[in-house]
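Breakdown of the fold
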Amino acid sequence: MKGRYPLWSGLLLMVPPTEVLAQSALFDNSVVHEVRLAFAEPDWRQRMDALYVLGTDRLIGDLTIDGVTYSDVGVRFKGYSSYSPDQVKNPFNIELDHVVDGQDHQGFGKLKLSNVTSDPSFLRETLAYEVARNYMPASRTCFVNVYVNDTLQGLYVNVEDLDKDFLRRSFGSAGNPFFKGNPAVVSLFGENSNLSTNPGTDPSDYYSYYELESDQGWDDLLELIDVLNNDPAQVEHLLNVDRTLWMHAFNYALINFDSYVGYAQNYYLYRDDNGQWNPILWDLNMAFASFRLTDASLYWNGFNIPQAITMDPLMHHNSVSVFPRPLLRNLFATPMYRRMYIAHLRTIIQERFANGWYRDRAEEYRSLIDASVVADTNKFFSDADFVANLDGTVNAITSYPGIGELMDQRVAFLTTYPGFTGQPVIGPPVHAPSDVIIGQDVTIQVGITGADTAFLAVRSGEFGAFTRWPLHDDGTHGDAFAGDGIHTCTFTTTSADIQYYIYAENASAGAFSPERAAHDVHRFLARLSLGALVINEVMADNGGQVLNEAGEAADWIELYNPTEADVRTDGLHLSDDTVDPLKWPLPATMVAAHGYLLLWADERTDLGDLHCDFRLASTGEELTLAYDSGYVMDRVRFSAQYPIYSTARYPNGSGPFQELVPTPMATNRITMEDGLDRAVVLYPNPATIEVNAVVRLAAPFTLQVLRSDGRAVSAAVERTTNELVRIGTQGLSAGHYVLSITNAESTIHLPFILVP
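Right, let's talk about the sheet that holds strand 30 (residues 621-628) for a bit. The sheet built from four strands is open, its strands ordered 27-26-30-31 with antiparallel pairing. Where the open sheet ends on each side, the last strands, each with one partner, are strand 27 (584-585) and strand 31 (631-638). Direction of pairing for strand 26 (residues 573-575) relative to strand 30: antiparallel, over a ladder of three bridges. Across the sheet, residue S575 finds its bridge partner in strand 30, namely T624.

Right, dumping it as structure tokens:
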């Protein structure tokens, strides 16, 4: 509410603003963060070692992150090979809400602190995750100096937990089956979490290989395993094959074999709302060939650095699988999948390594953490090793190749690999018509050279499933001539947010557009037809009928979908500025058929996506719902509002706007009790401190408070405008009173009650 009404009497309270201290975002990787743990127990280390062995509980302590302290967090050591009772610097798993329900730091409820045990460079995990995030959902990271009871433990890497917020951000949901490929005991010469059918046919046969992270899902996982092994031609119905190929391309580009490739572990699987399983990378601290114990194929007993450099990215197709790897071998049996996989590998190599990006980024990180590495007296390698390992091999218990030494030579090797060159060339696509209304047919046209076949993959919205459509170059589907290289495809739009990518291939190589597809996509917005979503109700002076998440009686706007189909808000804007119709973009969300969407006009964008960055004027203004200045979906101009009435459509969703009793997220209605036809309405009644009068009499008029016997208890006050009047009752005792209102035409007496 931006407007203010004049007070007849009363107090105006001024509250000073709260000062907010600036603080770095947790995963801001331009700074080294600080984490401090404080335990009451001086023997905290011995207790933590004992709890690690038991694997049953956490030690309770206080946590300070970048100067902000949280009480009673739960702490345990984590890791498998990275933990040892004989080393000072062990990895931590810190749970902020272990005791205090809902406690978090900037929305994060858990810290997972890696101790950099197998990386002289201190760069592997952070650099690898940053590469991965360009092509698939993957955790964020940050560098952290960790102290326990004011003693520096060393420099750690904090890796974002794969929690429900991560899942919602990455897949649009969080409650579906979710597993971690995490065998209870890693078998060095076994199958582990490899998705083969060898353990058996009962879910219990798999309990020791996969860790259930959701409430249910074992039958779903066994369905995937069965189809992957026994009917792989149908696996696309259950598996996001493209994302799986990206994971394989990442692992083979960076020789990240402490993964599904090596011991078949350190990955997650989440089944999205489309019924497809999505693999998620995890535990990248041994990327860049720090792990070389096995490839489960030709080098099943380990490989050296030269062999890592020339590792065949199709080893599980061109050679043997000594230990079954169906997620590799069975997918690579399909020629198109192999060409797609090599295309993804090409993109990673060209965008992150061949152009020197990785080296520039590594140097930035080294400059950032140099002082912290030197100060870390518990690190597993020397300062000289830290300096050397960007380019040179460090020899310790095993040999750790320099990242540059490995990747520059791997780039040279992969650049000559079959399928790495010779791919089709895909030009920029266009769509016609350029301005699309949902339900219209749209044609995608794109120039492609050097292709034998091509298809268009289309989805609705960020998390929809892709549908493939063939791209034609036959002169009969919108292109002028057969064989002219102009490929077209026509389909019917069914939603607002249309996302698509193009794939083309010949006998030797494939190509995507965009090259990072399907992590990146081409997109355009199809607009709703007029009337498919309307402004249904506006409250610019909330009387408390509904409160926002902060418990505030804030302004609100209700949108309504009067159609029989769900609609999306992509591309729409709300504005109370006639000059700027694009003032506030609506979040991309679904409004169900005959459903409502309540938006808060309270400037509280910190409370979520449904909060506009503007407030409404209670004195009245114009509000628009528009795609742009040329396509306005709806518009309402409302006059001065009072806390007991809103401006709403009647009949609901289709009628003209009028003053109604507020009905947020419900059908607009009129009843006999609403008092909409009364000349004067008093509220609240009974009252405690203040009585408000909505006056619809012709001005000027006078107001006076009388006792129930007609004696005046206040002087008559003249008003020259027709508006809300707030009547202060200070000095009046509890009892019955009358408000007398007189103009040139009539006098009205309205009783009201004051209560203690």
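Bringing helix 10 (residues 357-375) into the picture now. A rise of 1.5 Å per residue sets the reference length of helix 10, with its 19 residues, at 27 Å; its end C-alpha atoms lie 28 Å apart and thus fit the reference within 8%. The principal kink in helix 10, of about 55°, is found at I369. All of the buried residues along helix 10 are Y358, R361, A362, Y365, R366, I369, S372 and V373. Of the surrounding secondary structure, the elements contacted by the buried residues of helix 10 are helix 2 (124-132), strand 6 (141-148), strand 7 (151-159), helix 9 (335-354), helix 11 (383-388) and helix 12 (403-415).

Take L750: it is sitting in strand 40 (residues 747-754). Spatially, the C-alpha atoms of L750 and L706 are 9.9 Å apart, while their sequence positions differ by 44 residues. Discounting chain neighbours no more than four positions away, the residues touching L750 are V680, L682, Y737, V738 and L739.

Our next topic: the packing of aromatic side chains. Throughout the structure, instances matching the rule amount to 39 aromatic pairs. Centroid distance F77 to Y83: 5.6 Å. Interplanar angle 35°. Geometry classified as tilted. We classify F77 as buried; its relative accessible area is 2%. By relative accessible area, which is 10% here, Y83 ends up buried. Arranged with centres 5.8 Å apart and planes meeting at 90°, the rings of Y268 and W282 form a pair that is edge-to-face. You can see Y268 sitting in strand 10 (residues 267-271) and its partner W282 sitting in the loop between strand 11 (277-281) and helix 6 (305-309), a full 14 residues away along the chain. Given the relative accessible area of 3%, Y268 is considered buried. Every member of this aromatic cluster is reached through a ring pair, and the members are Y52, F77, Y83, F92 and Y156. The ring of Y147 is capped by R36, whose NZ or CZ atom sits 3.9 Å from the centre of that ring. Lying over the aromatic face of W357, R352 brings its terminal NZ or CZ to 4.6 Å of the ring centre.

Let us look at the side chain of E125. Looking at the element boundaries, E125 is found in helix 2. Although buried, E125 forms no salt bridge, and the nearest oppositely charged side chain, K78, lies 6.5 Å from it. At 3.0 Å, the side chain of E125 and the side chain of S114 are in polar contact. Not counting chain neighbours up to four residues away, the residues in contact with E125 comprise S114, D119, V157, V159, D283, L284 and N285.

On the surface, a cluster of nonpolar side chains totalling about 460 Å² of accessible area is made up of L188, F189, W300, V320 and V322. Considering the arrangement of structural elements, one finds V320 in the loop between helix 7 (315-318) and helix 8 (326-332). Residue V320 is classed as partly exposed on the basis of its relative accessible area, which comes to 44%.

Looking now at the pattern of salt bridges. Scanning the entire structure with this criterion turns up 36 salt bridges. Between E130 and R361 there is a salt bridge, with its nearest N and O atoms 2.7 Å apart. With E130 in helix 2 and R361 in helix 10, this residue pair connects regions lying 231 residues apart in the sequence. Grouping residues by exposure puts E130 and R361 together as buried. One salt bridge connects E236 with R468, and the closest N-O pair in it is separated by 3.0 Å. Pair noted here: E236 is in the loop between helix 4 (218-230) and helix 5 (241-253) and R468 is in strand 18 (residues 467-470), with a separation of 232 residues, a long-range link. Take R468: its relative accessible area is 36%, and that puts it in the partly exposed class. Look at the salt bridges and you will find they share partners, linking E34, R36 and D150 into a network.

This part covers the side chain of T294. Within the secondary structure, T294 is located in the loop between strand 11 and helix 6. Within the structure, the side chain of T294 is placed 2.9 Å from the backbone nitrogen of A296, a separation counted as a polar contact. A distance of 2.8 Å separates a polar side-chain atom of T294 from the backbone oxygen of W300. Sequence-distant contacts of T294, that is, excluding residues within four places in its chain, are made with F257, G262, Y263, Y299, W300, G302, F303 and F323.

Right, let's talk about the pairing of strand 10 for a bit. Counting buried positions over the five residues of strand 10 gives five, a clear majority of the element. Burial of strand 10 is two-sided: the residues Y267, L269 and R271 facing one way and the residues Y268 and Y270 facing the other way are all buried. By the bridge criterion, four bridges tie strand 8 (residues 178-181) to strand 10 in an arrangement that is antiparallel. Within the sheet, the bridge partner assigned to K180 lies in strand 10 and is Y268. One ladder, built from five bridges, connects strand 10 with strand 11; its direction is antiparallel. Bridge pairing links Y268 to I280 in strand 11. As consecutive antiparallel partners, strand 10 and strand 11 are separated by five residues, and within that stretch G275 has a phi angle of approximately 85°, a positive value.

For the rest of this paragraph, the subject is unusual backbone geometry. A cis geometry characterises the amide bond from S513 onward to P514, with omega recorded as -5°. Following A517, the chain continues into A518 via a peptide bond in cis, with omega recorded as 0°. Summarising the element assignment, A518 is placed in the loop between strand 21 (510-513) and strand 22 (522-525). Residues other than glycine seldom take positive phi values, yet D66 does so here, at roughly 50°. Phi is positive for A296, which is not a glycine, with a value near 60°. Looking at where A296 falls in the secondary structure, it is placed in the loop between strand 11 and helix 6.

Tracing the chain through its elements places A289 in the loop between strand 11 and helix 6. As a C-alpha pair, A289 and N251 span 38 residues in sequence and 9.9 Å in three-dimensional space. Dropping the residues within four chain positions of it, A289 is found in contact with L254, I255, A308, P401 and L406.

Take the nonpolar core next. Residues F250, F288, I348 and F353 are the most contacted members of the largest nonpolar core, which totals 107 residues. With nine residues, helix 9 is the single largest residue contributor to this core. With near-sequence residues (within four places) excluded, F288 lies in contact with R124, L127, A128, L254, I255, F353, P401, I403, L406 and M407.

So, how was this worked out
Residues numbered from 1 in each chain as written. Predicted model: local features only at pLDDT ≥ 70, side-chain atom pairs only at ≥ 80, totals over all residues. Heavy atoms only, no water. Pairing = 2+ DSSP bridges. Helix = DSSP H or I, 4+ residues; strand = E, 2+ residues; numbered from the N terminus. Expected span 1.5 Å × (residues − 1). Bend = angle between axes of the 7 residues up to and from the residue. Buried < 20%, exposed > 50% of the residue type's maximum accessible area, 1.4 Å probe, protein only. Contact = heavy atoms within 4.5 Å. Phe/Tyr/Trp six-rings, centres within 6.5 Å; stacked < 30°, edge-to-face > 60°. Lys NZ or Arg CZ within 6 Å of the ring centre and 35° of its normal. Lys, Arg positive; Asp, Glu negative; His and termini not counted. Salt bridge = Lys/Arg side-chain N within 4 Å of Asp/Glu carboxyl O. Polar contact = N/O pair within 3.5 Å; in protein donor to acceptor, adjacent residues only side chain to side chain. Patch = residues over 30% accessible without salt bridge, like charges linked within 9 Å, V, L, I, M, F, W, Y side chains within 5 Å. Areas by Shrake-Rupley, 256 points an atom, 1.4 Å probe, with all protein chains shown as cover. Core = buried A, V, L, I, M, F, W, Y, C linked by side-chain atoms within 4.5 Å.

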